[in-house]
Amino acid sequence: MPEPGTITAAIAANVRGQRAHRGMTLDELAARSNVSRGMLVQIEQGRTNPSVNTLTRIADALGVTLARLVEVADTPVVRIVHESEVVTFEQPGGGSARLLVGTDAPAILELWDWRLAPGEHHDGDAHPAGTREMLTVLEGRLTLGVYGRSHVVGTGDAVVFSADRPHRYANEGDAPLRFVMVVTEPRDPSP
């Protein structure tokens, strides 16, 4: 995996570049992403390590994948992401979310490898309208919360759901949980 400083610098350059490419001011991006202008300044200057949720809100506002924001190099026609280049977001309870690969053309797609320790959870913000998530559980049992309802997804099971509302991934079992997830969202999200 790239060094944290390298990732922070890439995030800074990519957020700044994507915002400039769209002709957006910091205030416009702050309003669209619900991320404060001050936080955006810190991100664009490489002075902070933003959370997955913060980066997701910024990516959604810019109409790109989170993968595009953490990309260390330009994307060639064929892109192989070696394990050492995978960006990992550590979770407070010892789990992790690994963004394996993503693209924003022609559709916004991300491939994730998630691990949650027993008792750990992650609350996902609502994505743009029309966003879908598909996942399969490789180990353990996932309790998926969507729109106030809980759904248990066991090892070998798969699920697809509308992710344009807040959702939660939780490991309510006593064994480690691992699942692989694909996120797809419309190319031009509705405002």
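Residues numbered from 1 in each chain as written. Predicted model: local features only at pLDDT ≥ 70, side-chain atom pairs only at ≥ 80, totals over all residues. Heavy atoms only, no water.

Asker: I keep staring at the packing of aromatic side chains and nothing clicks. Help me out?
Answerer: Ring pairs (aromatic) are described by centroid distance and by the angle formed between their planes. Enumeration over the complete set of coordinates arrives at five aromatic pairs. Pairing Phe-89 with Trp-112 gives two aromatic rings, centres 6.2 Å apart and planes at 40°, and the pair type is tilted. In this pair, Phe-89 is assigned in strand β1 (residues 87-90) and Trp-112 in strand β3 (residues 108-116), connecting sequence segments 23 residues apart. Between Tyr-169 and Phe-179 the ring centres are 5.4 Å apart and the planes differ by 45°, which places this aromatic pair in the tilted class. Of this pair, Tyr-169 sits in strand β9 (residues 167-170) while Phe-179 sits in strand β10 (residues 177-185), and the two are ten residues apart along the sequence. Assigned by exposure class, Tyr-169 and Phe-179 land together as buried. Grouped by ring-pair contacts, the aromatic residues Phe-89, Trp-112, Trp-114, Tyr-169 and Phe-179 constitute a single cluster. For the cation-ring pair, Arg-165 lies above Tyr-147, with the distance from its terminal atom to the ring centre recorded as 4.7 Å. (Phe/Tyr/Trp six-rings, centres within 6.5 Å; stacked < 30°, edge-to-face > 60°. Helix = DSSP H or I, 4+ residues; strand = E, 2+ residues; numbered from the N terminus. Buried < 20%, exposed > 50% of the residue type's maximum accessible area, 1.4 Å probe, protein only. Lys NZ or Arg CZ within 6 Å of the ring centre and 35° of its normal.)

Asker: Just checking my understanding: could you explain the pattern of salt bridges for this structure?
Answerer: Side chains bearing opposite charge may pair, as long as their charged atoms lie close to each other. For the structure shown, the criterion picks out ten salt bridges. Between Arg-178 and Asp-113 there is a salt bridge whose closest N-O contact spans 2.9 Å. Taken together, the positions of Arg-178 in strand β10 and Asp-113 in strand β3 put the pair 65 residues apart, joining distant regions of the chain. Two residues, Asp-123 and Arg-168, come together in a salt bridge whose shortest N-O distance is 2.5 Å. With a gap of 45 residues between them, Asp-123 in strand β4 (residues 121-124) and Arg-168 in strand β9 connect regions that are remote in the sequence. (Salt bridge = Lys/Arg side-chain N within 4 Å of Asp/Glu carboxyl O.)

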